[in-house]
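Chain and residue survey
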Amino acid sequence: MTEFHTEITQRAARAVQSLRTAQESGDDYLASVREAELENLARLASEHGLRIPGLSNYSAA
């Protein structure tokens, strides 16, 4: 795993956790921001041919 792959994986994990926390607390704005971040990370991973399990539910439509 490259350093880039590791960084994207870690950022995705943090964003997923933050999204869950936002959803649980009812913070719709933060949840929206985190979903957009996850979509961007999914796009970036896809552009570089990376498979990151935490991003499988997100795509930049």
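Criteria and cut-off values
Residues numbered from 1 in each chain as written. Predicted model: local features only at pLDDT ≥ 70, side-chain atom pairs only at ≥ 80, totals over all residues. Heavy atoms only, no water. Helix = DSSP H or I, 4+ residues; strand = E, 2+ residues; numbered from the N terminus. Rg over C-alpha atoms; globule rule 2.2 N^0.38 Å. Areas by Shrake-Rupley, 256 points an atom, 1.4 Å probe, with all protein chains shown as cover. Lys, Arg positive; Asp, Glu negative; His and termini not counted. Charge placed at Lys NZ, Arg CZ, Asp CG, Glu CD. Salt bridge = Lys/Arg side-chain N within 4 Å of Asp/Glu carboxyl O. Core = buried A, V, L, I, M, F, W, Y, C linked by side-chain atoms within 4.5 Å. Buried < 20%, exposed > 50% of the residue type's maximum accessible area, 1.4 Å probe, protein only. Contact = heavy atoms within 4.5 Å. Axes fitted to C-alpha atoms, helices over the stretch in contact; angles between N-to-C directions. Parallel < 35°, antiparallel > 145°, perpendicular 65-115°, else oblique. Left-handed = near helix turned anticlockwise from the far one by under 90°. Nonpolar A, V, L, I, M, F, W, Y, C, P; charged D, E, K, R; others polar.

Our next topic: the overall build of the protein. A tally of regular secondary structure across the protein gives two helices and zero strands. On C-alpha atoms alone, the protein measures out to a radius of gyration of 12 Å, which is about the 10 Å that the 2.2 N^0.38 rule sets for 61 residues. Seen through its C-alpha atoms, the protein measures out along the principal axes to roughly 35 × 20 × 15 Å. For the protein, the computed accessible surface area is about 4300 Å², with 48% contributed by carbon and sulfur atoms. Computed over 6 positive and 9 negative side-chain charges, the separation of the two mean positions in the protein equals 6 Å.

Any two side chains of opposite charge can pair, so long as their charged atoms come close to each other. Per the stated rule, a full pass over the model turns up three salt bridges. Between R14 and E7 there is a salt bridge, with the nearest N and O atoms lying 3.8 Å from each other. Note that R34 and E37 form a salt bridge whose closest N and O atoms lie 3.1 Å from each other. One end of the pair, R34, and the other, E37, are both in helix α2 (residues 28-47), three residues apart, so they sit about a helical turn from each other.

Our focus in this paragraph is the nonpolar core. One finds I8, L38, A45, I52 and L55 to be the most contacted residues of the largest nonpolar core, which totals 15 residues. Going through the elements one at a time, α1 (3-25) and α2 are the ones with two or more residues in this core. A total of six residues in this core trace back to one element, the largest contributor, which is α1. When residues no more than four places from it in sequence are discounted, the contact partners of A45 are I8, L50, I52 and L55.

When two helices pack together, their arrangement is given by the angle between the helix axes and by the axis-to-axis distance. Here α1 crosses α2 at 160°, and the two axes come no closer than 9 Å. It follows from the interaxial angle that α1 and α2 lie roughly antiparallel. Our pair here, α1 against α2, has a crossing hand that is left-handed. Residues F4, I8, R11, A12, A15, V16, S18, L19, A22 and Q23 of α1 lie in contact with α2, whose contacting residues are L30, A31, R34, E35, E37, L38, L41, L44 and A45. The residue makeup of the contact of α1 with α2, split by class, is 13 nonpolar, two polar and four charged.

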